[in-house]
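These are the residues of each chain, in order.
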Amino acid sequence: MSKTIIEMKGIVKSFYIGTPNELEILHGLNISVPEGQFVSIVGASGSGKSTLMNIVGALDRQTAGHYSLDGIDITKISDNELSSIRNKKIGFVFQTFNLIARTSALKNVELPMLYAGMPSRERTKRARELLELVEMTERSGHMPNELSGGQKQRVAIARAMANDPAIILADEPTGALDSKTGRLVMDIFHKLHKEQGKTIVLITHNPELAEETDRVITLSDGSIVSDRMLKGGAAE
Amino acid sequence: MNLFENIKMAFASLKSNKMRAVLTMLGIIIGISSIIMITTLGNILRKSLTDTLNSQGGSKLVAFQISLKPEYVRDYYMTEDLITEDMIENVAERFAEDIEEIVISGGYESGKVRYRREDLDVYINGVNPGYIARTSDEIIAGRYINDSDLARGANVCVISEKQAKKLYGGVKEAIGQRFSAKFLGQNHEFTVIGVYETKMTALMSAMNSLNTTAEDWDTEVYVPYRALTKIYGGSEEAFFAYYAIVNDGVDPTSFCEEVQSYMNNRWYRDNDSIMIRYMTGESEMAMMDQVMGIVSMVIAIIAGISLIVGGIGVMNIMLVSVTERTREIGVRKALGAPNSAIRSQFIIESIIICLIGGFIGIILGILLGNIAGVVIGTVAPPSTGAMVLAVSFSMAIGIFFGYYPANRAAKLDPIEALRYE
């Protein structure tokens, strides 16, 4: 029986707490994701997707409810502990790639390992392996502005994998790419899922991409309106 | 996240904005270089002044002069207050073991020498035979004024090499010639008995180079002081001051103390306003140090202001940099950078700006100081203390003015930062 990676119970997120404008965005979500699942979260803009992603990604704390990630209760921990959890347990992939400018692909991939305190030689070795995994070896010395969008995203995925995180959290990873390169990026996610058994959370507003995954959670107005398991969801 | 990585990152970031980095450093560069320049210059001046003083008796040269008593009742001198020849002779005998030479200059007149169609400036210096010891002069032909010249008040003179060449066509040719100078409204004639050459120290030649006529002309002409007294129409000699050069191994200060109290007890006890005070080469040096100290202080204040302004510039640019890189900071935080890592990244960047500025400032300061030194003619190393101080000060500026922007970066909310366009 595989273990549970994401365990969310009654997650509430409010803004402007204590002011007349107090605004509840998430209304008590319950989500449980087992290890190795490729799950997509869909919803129109304003549905609370991003807010949920921030909480899942340990960038933000919920107002109420309970969240544990890979067995660690992250309900009430310090900022620095949150940093450490982001560093070791979560691999972010952003819509706009967010590679560090003027820093080579290799150095970008090394960055999370640098913050984890890995020695330089080991870091470089692992970064090279990861770039090979996303077929970017020959571009490892290139600066982000010398890479195409698809290439940037592949480097970003390699970077997300750096500390072998419990989950990969991808926020509209194909949103800034044309359909062909978007396809390529999705294939890499599928590969990571299949070959390495990675738990992947894909946030998207594209229903077609969501249909490729194991499970689709649909958000609307801060509540889960559907949570479907898909048979053989992974398309090749 | 180690220091080395931070330093590499800081350099990468500075390299991407070279112009801005240099402009930011400018304030630090100016501040540090002026501190280093003034200390280097101070060392140079000190060294060349020491050289010059040493060539003219140095720390062995001491002076005794009349000055006001603390409880004086009049603030002017009278003839009876002056130091007489007898007093000097008495001291010379009493302290014969300690004294190498007594140096007297009794009268100094500016005059003109006719050369072809122009009048050349000369200064007629009435001296005793010992006087040459307190100058940088050497006799290259003939002889210096001797005791018999002085005793007779002979109308003889010692002129410079340049004067000899110009007026008589050569050094040897000058000996025995008549030297005519107009001063005190009349022409006076002297027989040239010797020619001197000034052994210039670096400082002296520098000072001389400011004087355009010095190229082929010296102004100083030496005559026995009694020759001047005769011209003045007086009979008795009296002086405001005289010098002594002490023997090797004699402590100038304790010698001066003894002579001062001897003279005061013997001749000035009953004087209501005037006493003898001494000055040593060391006290001249101390005075010079005091002046340099004041100059240094003023420059240090200006440099300090420049450094503060420079530091504010650094802070300003770091704030801009933090704003510009908000998104990068967000990404770094998402990737797991703790606040401390972000903070140290920016502080180190700020320290590095200041340190590079500091180093450039040190090099520039040494360079400028030594360019001035070349003009003066002496090159001296900068003071190590000033360099250490400059480096630590620029580092402190980096930390002080970098902390606020760095802390602001560290405290950014990762979500806001990631969303920042």
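This is a predicted model, so every value here is computed, not measured. (Residues numbered from 1 in each chain as written. Chains lettered and ligands numbered in written order. Predicted model: local features only at pLDDT ≥ 70, side-chain atom pairs only at ≥ 80, totals over all residues. Heavy atoms only, no water.)

Draft legend 1. Molecular detail of the overall build of chain B. Scanning chain B for helices and strands turns up 14 helices and 13 strands. Relative to the 2.2 N^0.38 estimate, which gives 22 Å for 421 residues, the radius of gyration of chain B is 33 Å and therefore markedly larger than a compact globule would have. By principal-axis analysis of the C-alpha atoms, chain B measures approximately 100 × 55 × 40 Å. Carbon and sulfur atoms provide 59% of the accessible area of chain B, an area that totals close to 20,500 Å². Taking the 37 positively charged and 47 negatively charged side chains of chain B as two groups, their mean positions are separated by 12 Å. (Helix = DSSP H or I, 4+ residues; strand = E, 2+ residues; numbered from the N terminus. Rg over C-alpha atoms; globule rule 2.2 N^0.38 Å. Areas by Shrake-Rupley, 256 points an atom, 1.4 Å probe, with all protein chains shown as cover. Lys, Arg positive; Asp, Glu negative; His and termini not counted. Charge placed at Lys NZ, Arg CZ, Asp CG, Glu CD.)

Draft legend 2. Spotlight on the interface of chain B and chain A. Taken residue by residue, the interface counts 21 residues in chain B and 20 residues in chain A. Summed over both sides, the interface of chain B with chain A buries roughly 2,000 Å², with 59% coming from carbon and sulfur. Here chain B and chain A share one salt bridge between them. Taking the shortest distance from any N to any O, the salt bridge between Glu 5 of chain B and Arg 123 of chain A comes out at 2.5 Å. On the surface where chain B and chain A come into contact, there are seven residue pairs in polar contact (both at pLDDT 80 or more). At the level of elements, α1 (3-15), α11 (326-334), α12 (339-376) and α14 (414-419) of chain B are the ones that each hand at least two residues to the side of chain B that touches chain A. No other element matches α11 of chain B, which puts six residues into the side of chain B that touches chain A. Looking at the side of chain B that touches chain A residue by residue, the class counts come to ten nonpolar, four polar and seven charged. (Contact = heavy atoms within 4.5 Å. Buried area = accessible area lost by both parts, 1.4 Å probe. Salt bridge = Lys/Arg side-chain N within 4 Å of Asp/Glu carboxyl O. Polar contact = N/O pair within 3.5 Å; in protein donor to acceptor, adjacent residues only side chain to side chain. Nonpolar A, V, L, I, M, F, W, Y, C, P; charged D, E, K, R; others polar.)

Draft legend 3. View of the nonpolar core. All names here are of chain A. Among the nonpolar cores identified, the biggest contains 75 residues, and Ile 6, Met 8, Leu 52, Tyr 67 and Leu 69 are the most heavily contacted of them. With residues near it in sequence (within four places) discarded, Tyr 67 still touches Ile 6, Glu 7, Met 8, Ile 11, Ile 55, Val 56, Gln 62, Ile 72, Asp 73, Ile 74 and Thr 75. Leu 99, Ala 158, Met 161 and Phe 189 belong to the second-largest nonpolar core, a separate cluster that totals 32 residues. (Core = buried A, V, L, I, M, F, W, Y, C linked by side-chain atoms within 4.5 Å. Buried < 20%, exposed > 50% of the residue type's maximum accessible area, 1.4 Å probe, protein only.)

Draft legend 4. α12 of chain B, seen in detail. The terminal C-alpha atoms of α12 of chain B lie 54 Å apart, and with 38 residues this matches the ideal 56 Å at 1.5 Å per residue to within 8%. One or two residues past the end of α12 of chain B sits Gly 377 of chain B, with phi positive at roughly 110 degrees. (Expected span 1.5 Å × (residues − 1).)

Draft legend 5. How the structure looks around the confidence of the model for chain B. Put simply, chain B has an average pLDDT of 86, and 96% of its residues get 70 or more. ipTM for the predicted complex: 0.92, alongside a pTM of 0.71. (pLDDT = per-residue confidence, 0-100.)

Draft legend 6. Examining the side chain of Arg 123 of chain A more closely. Considering the arrangement of structural elements, one finds Arg 123 of chain A in helix α4 (residues 120-133). Assessed through its relative accessible area of 3%, Arg 123 of chain A is described here as buried. In terms of polar contacts, Arg 123 of chain A uses its side chain to reach the side chain of Glu 5 of chain B, at 2.5 Å. Setting aside residues no more than four positions away along its own chain, Arg 123 of chain A makes contact with Glu 110, Met 113, Leu 114 and Met 118 of chain A together with Glu 5 of chain B.

Draft legend 7. Examining unusual backbone geometry more closely. All names here are of chain A. Backbone geometry at Phe 97 places phi at a positive 65 degrees, although glycine is not the residue there. Structurally, the position occupied by Phe 97 is in the loop between β6 (90-93) and α3 (105-116). Backbone geometry places Arg 102, a non-glycine residue, at a positive phi of 55 degrees. You can see Arg 102 is positioned in the loop between β6 and α3.

Draft legend 8. Spatial organisation of the packing of helix α10 (residues 281-324) of chain B against α12 of chain B. All names here are of chain B. At a closest axis distance of 11 Å, the pairing of α10 and α12 adopts a crossing angle of 140 degrees. The angle between the axes of α10 and α12 places the two elements in the oblique class. The crossing of α10 and α12 is right-handed. On the side of α10, the interface is formed by Val 314, Ile 317, Met 318, Ser 321 and Val 322, while α12 contributes Phe 346, Glu 349, Ser 350, Ile 353 and Cys 354. Residues that form the contact of α10 with α12 fall into these classes: seven nonpolar, two polar and one charged. (Axes fitted to C-alpha atoms, helices over the stretch in contact; angles between N-to-C directions. Parallel < 35°, antiparallel > 145°, perpendicular 65-115°, else oblique. Left-handed = near helix turned anticlockwise from the far one by under 90°.)

Draft legend 9. Molecular detail of the sheet that holds strand β1 (residues 61-68) of chain B. Residues and elements named next belong to chain B. Judged by pairing direction, the sheet is antiparallel, and its four strands sit side by side in the order β3-β12-β1-β13 without closing on themselves. Among the strands making up the open sheet, the edge pair consists of β3 (99-103) and β13 (274-280). Going across the sheet, the axis of each strand differs from the next one's by a mean of 25 degrees, ignoring polarity. Pairing geometry for β1 and strand β12 (residues 241-246), over five bridges, is antiparallel. Within β12, the position partnered with Gln 65 by the bridge is Ala 241. Contacts from α10 reach β1 and β13, with the element oriented near 80 degrees to β13. (Pairing = 2+ DSSP bridges.)

Draft legend 10. A look at empty space enclosed by the protein. In total, this model carries two cavities of 30 Å³ or more according to the counting rule given. There is about 60 Å³ of room inside the largest cavity. Residue lining of the largest cavity: Arg 86, Asn 87, Ile 90, Gly 91, Phe 92, Pro 112, Arg 159, Ala 160 and Asn 163 of chain A together with Ala 334 and Leu 335 of chain B, and that is the complete set. Of all elements in the fold, only α2 (79-89), β6 and α5 (149-160) of chain A reach the threshold of two or more residues within the lining of the largest cavity. Among the elements that make up the lining of the largest cavity, the one with the highest residue count is β6 of chain A (three residues). (1 Å grid on protein atoms, 1.4 Å probe; cavity = no way out; pocket = protein on both sides within 12 Å on 5 of 7 lines; lining within 4 Å. Points joined across faces, edges and corners; volume = space filled by probe spheres on them.)

Draft legend 11. Region of interest: the environment of Asn 339 of chain B. Within the fold, Asn 339 of chain B resides in helix α12. With 28 residues separating them in the primary sequence, Asn 339 of chain B and Gly 311 of chain B have C-alpha atoms 24 Å apart. Beyond its immediate chain neighbours, meaning those up to four positions away, Asn 339 of chain B contacts Asn 80 of chain A together with Lys 333 and Ala 410 of chain B. A distance of 3.2 Å separates polar atoms of two side chains, one belonging to Asn 339 of chain B and the other to Lys 333 of chain B.

Draft legend 12. Structural detail: a nonpolar patch on the surface. Residues Met 19, Leu 23, Leu 26 and Ile 30 of chain B make up a contiguous nonpolar surface patch of roughly 410 Å² in combined accessible area. Structurally, the position occupied by Leu 26 of chain B is in helix α2 (residues 18-55). (Patch = residues over 30% accessible without salt bridge, like charges linked within 9 Å, V, L, I, M, F, W, Y side chains within 5 Å.)

Draft legend 13. Examining the pattern of salt bridges more closely. In this structure the tally under the stated criterion is 29 salt bridges over all chains. Note that Asp 121 of chain B and Lys 112 of chain B form a salt bridge whose closest N and O atoms lie 2.5 Å from each other. Residues Glu 189 of chain B and Arg 178 of chain B are paired through a salt bridge, measuring 3.1 Å at the closest nitrogen-oxygen approach. With Glu 189 of chain B in strand β9 (residues 186-198) and Arg 178 of chain B in strand β8 (residues 178-183), this pair connects stretches of sequence that are eleven residues apart. Judged by its relative accessible area of 60%, Arg 178 of chain B falls in the exposed class. One network of salt bridges, with partners in common, ties together Lys 107, Glu 110 and Arg 123 of chain A together with Glu 5 of chain B.

Draft legend 14. Just the packing of α11 of chain B against α12 of chain B, in detail. Residues and elements named next belong to chain B. Direction vectors running N to C along α11 and α12 enclose 140 degrees, while the axes themselves pass 10 Å from each other. The angle between α11 and α12 places the two elements in the oblique class. For the element pair α11 and α12, the recorded crossing hand is right-handed. Contacts from Glu 328, Ile 329, Arg 332 and Lys 333 of α11 reach α12 at Asn 339, Ile 342, Gln 345 and Phe 346. Here the residues of the contact of α11 with α12 are counted per class, giving three nonpolar, two polar and three charged.

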